Amino acid sequence: MTTVHHRYADVQGRRLFYREAGPADAPALVLLHGFPTSSFMFRDLIPLLAGRYHVIAPDHLGFGLSDAPPVEEFDYTFDALTDLTAGLLGRLGVTRYAVYVQDYGAPIGWRLALRDPGAITAIITQNGNGYDAGFVPDFWKTVWDYVRERTPGTEAAIREALTLDAIKWQYVTGVPDESVVSPDTWHHDFALVSRPGNDLVQLKLFGDYATNPPLYPRLHQYLRTSQVPLLAVWGKGDKIFGPDGARAFAGDVPGARIHLLDGGHFLLESALDEVSALILAFLAEVHGAG
């Protein structure tokens, strides 16, 4: 049975929670979660990968079991979350790693790659967007309206994303059989984003999401130049980041492996075995070639 360690580290004066498993001298794999969850989304994936890899899955500041200082004490931006992630990896001595990105994990992962391209051995993107083509307009209109104009109306609309029903919608939409998705998932996430003051944390990051698409041209140039091994494994029923977002990676990395699976935004909840098999085969090829 694989042992998964549940640890904390102080980074830049903030306490970050992370899950860690696998041999310390094995190739490293960093798992970066999305909104509104935490490393909890990787709870079942980590043991499947840790036999061959050193797996590290942090909770971003403001999420999960990491510190969640109020917005008056910390400026929540994707740049700042990237700084903390890089700081944690530095504390752990991880200088070369493959990265798995999902949702919010993607803009953090892209920033890490752009800051230090040589650190990234491979990219696994699971509904982690990097192209304008990936945005589903019906979902993103609410976000862009809030970014464009902060009014009581646009704030009320985006606050719907913090409700239990909206979080459940993220988990079950696009899943062929909703009964395979545990209600623990959306209740767990809802409890954490409902902590006093966390709503303002999430609103701050919704507003800062506008800084991510302007990075895409630099990301695409990095992908074309590096030809970093890339696996896009995507829940094709995702109504936040659609399948075109997965297909787009092949335009910059012709050798990218693109897999569209039955499932939604949180694909690990319904297609764990398929996803883990694809990851293991992909990483075996990457490290075999290396």
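The structure under discussion appears in the preceding block.
Keep in mind that what you see is a predicted model, and the values were worked out from it rather than measured.

A. Just the side chain of His54, in detail. Tracing the backbone shows His54 in strand 4 (residues 54–58). Exposure remark for His54: the relative accessible area of 7% places this residue in the buried category. Among all residues touching His54, those that are not within four sequence positions of it are Glu20, Ala21, Gly22, Pro23, Ala24, Ala26, Pro27, Ala28, Leu29 and Val94.

B. Local environment of helix 6 (residues 164–172). Of all the positions in helix 6, only Ile167, Gln170, Tyr171 and Val172 are classed as buried. A positive backbone phi angle near 85 degrees is found at Gly174, which sits one or two residues after helix 6.

C. Inspection of the pairing of strand 3 (residues 28–32) at higher detail. Of all the five residues making up strand 3, five are buried; the element is thus mostly covered by neighbouring parts of the structure. Alternating positions in strand 3 separate into two faces, Ala28, Val30 and Leu32 on one and Leu29 and Leu31 on the other, with burial throughout. The pairing of strand 3 with strand 4 spans three bridges and is parallel. Note that in strand 4 the partner of Leu29 across the bridge is Val55.

D. Structural detail: the nonpolar core. Judged by nonpolar contacts, the single largest core of 61 residues is most densely connected at Tyr97, Ile123, Phe206, Tyr222 and Leu223. For Tyr97, the contacting residues outside a window of four places in its chain are Ala28, Val30, Leu89, Leu112, Ala119, Ile120, Thr121 and Ala122. If you look at the next biggest cluster of nonpolar residues, it comprises 37 residues, including Leu29, Ile46, Tyr171 and Val175.

E. Just the environment of Gly245, in detail. Note on placement: Gly245 falls in helix 10 (residues 243–247). Each C-alpha atom of the pair Gly245 and Asp116 lies 24 Å from the other, and the pair is 129 residues apart in sequence. In contact with Gly245, not counting residues within four places along its chain, are Asn129, Tyr131, Ala133, Gly134 and Trp234.

F. Expanded view of the sheet that holds strand 6 (residues 120–125). Pairing is mixed in the open sheet, where eight strands are placed in the order 1-2-4-3-5-6-7-8. Whereas interior strands pair on both sides, the edge strands pair on one side only; in this sheet they are strand 1 (4–11) and strand 8 (257–261). Each strand of the sheet is rotated relative to its neighbour by a mean of 20 degrees, with strand direction disregarded. Pairing of strand 1 with strand 2 (residues 14–21) involves eight bridges; the strand directions are antiparallel. Each residue of the ladder has a partner; that of Val11, found in strand 2, is Arg14. On top of the sheet, helix 2 (residues 78–91) reaches strand 1, strand 2, strand 3, strand 4 and strand 5 (97–101); it is set at about 110 degrees to strand 1, its chief contact.

About the cut-offs
Residues numbered from 1 in each chain as written. Predicted model: local features only at pLDDT ≥ 70, side-chain atom pairs only at ≥ 80, totals over all residues. Heavy atoms only, no water. Helix = DSSP H or I, 4+ residues; strand = E, 2+ residues; numbered from the N terminus. Buried < 20%, exposed > 50% of the residue type's maximum accessible area, 1.4 Å probe, protein only. Contact = heavy atoms within 4.5 Å. Pairing = 2+ DSSP bridges. Core = buried A, V, L, I, M, F, W, Y, C linked by side-chain atoms within 4.5 Å. Axes fitted to C-alpha atoms, helices over the stretch in contact; angles between N-to-C directions.

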